[in-house]
Amino acid sequence: QFKLVESGGGSVQPGGSLRLSCVPSGFTVDTYAIGWFRQAPGKEREGILCISRQGGVRTYSDFVKDRFAISRDNAKNTVYLEMYNLGSEDTASYHCAARILRPDCWDNVDLVLRNDEYWDHGTQVIVSS
């Protein structure tokens, strides 16, 4: 059974940085596209970034620019989300999801945003002074 586990969240002061990890079981990170998503308290779910099997990156939200980056370490079977210059607006639960059986990133992430199965776990990020 395919499963992904997120980690690396925590509390950070405004302006700080964090690196989140996503580790799949049942497949390797270079098999399917994997993306990061988030949901802030009281707000709608958002797509962040996705990395394809070929290593291409797609961006799903404007807030990503110059502050968030996605990467992959095949040897560690891990996809990372690196976040810089964090602000209170980045406080959220962060989740990763895989596009099973598909190597390319989603054109439309609504399927992920609406599917509660992708939102069970996640890792919590709190940005506060």
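None of these values were measured; they are calculated from a predicted model. (Residues numbered from 1 in each chain as written. Predicted model: local features only at pLDDT ≥ 70, side-chain atom pairs only at ≥ 80, totals over all residues. Heavy atoms only, no water.)

Peer 1: Describe the nonpolar core, with residues and values.
Peer 2: Proteins that are soluble and globular tend to have nonpolar side chains buried together. Of all hydrophobic cores here, the largest spans 28 residues; its most connected members are Trp36, Ile48, Phe68, Leu81, Met83 and Tyr94. Broken down by secondary-structure element, the contributors of at least two residues to this core are strand 3 (18-25), strand 4 (33-39), strand 5 (45-51), strand 7 (68-73), strand 8 (78-83), strand 9 (92-99) and strand 10 (123-127). Counting residues per element, this core draws most heavily on strand 9, at 4 residues. When neighbours within four sequence positions are excluded, Leu81 is seen to be in contact with Leu18, Arg19, Leu20, Trp36, Ile48, Leu49, Phe68, Ala69 and Tyr94. Core analysis: the second largest hydrophobic core is formed by 11 residues, Ala33, Phe37, Cys50 and Ala97 among them. (Core = buried A, V, L, I, M, F, W, Y, C linked by side-chain atoms within 4.5 Å. Buried < 20%, exposed > 50% of the residue type's maximum accessible area, 1.4 Å probe, protein only. Helix = DSSP H or I, 4+ residues; strand = E, 2+ residues; numbered from the N terminus. Contact = heavy atoms within 4.5 Å.)

Peer 1: Give me the lowdown on the pairing of strand 8, citing residues and values where you can.
Peer 2: Most of strand 8 sits out of view: 5 of its 6 residues are buried. In this structure, strand 3 lies alongside strand 8, joined through 5 bridges in antiparallel fashion. Within strand 8, the position partnered with Leu20 by the bridge is Leu81. Linking strand 7 back to strand 8 in an antiparallel pair, the connection comprises 4 residues, with Asn77 at a positive phi of about 50°. (Pairing = 2+ DSSP bridges.)

Peer 1: Quick one: what's the story with the packing of aromatic side chains, residue by residue and with numbers?
Peer 2: Applying the stated rule across the entire model yields 6 aromatic pairs. On the basis of an interplanar angle of 75° and a centroid distance of 5.5 Å, the ring pair of Phe37 and Trp106 is categorised as edge-to-face. Taken together, the residues Phe37 in strand 4 and Trp106 in the loop between strand 9 and helix 1 (110-113) connect sequence positions 69 residues apart. The same class applies to Phe37 as to Trp106, namely buried. Centroid distance Phe63 to Phe68: 5.4 Å. Interplanar angle 75°. Geometry classified as edge-to-face. Residue Phe63 is classed as buried on the basis of its relative accessible area, which comes to 17%. Members of the aromatic cluster, connected to one another through ring pairs, are Phe2, Phe27 and Tyr32. (Phe/Tyr/Trp six-rings, centres within 6.5 Å; stacked < 30°, edge-to-face > 60°.)

Peer 1: Can you tell me about the side chain of Asn77, naming the residues and giving the values?
Peer 2: Structurally, the position occupied by Asn77 is in the loop between strand 7 and strand 8. Note on Asn77: relative accessible area 17%, which makes it buried. Within the structure, Asn77 has its side chain in polar contact with the backbone oxygen of Pro24 (distance 3.4 Å). In this structure Asn77 touches Cys22, Val23, Pro24, Phe27, Thr28 and Val29, once residues within four positions along its chain are discounted. (Polar contact = N/O pair within 3.5 Å; in protein donor to acceptor, adjacent residues only side chain to side chain.)

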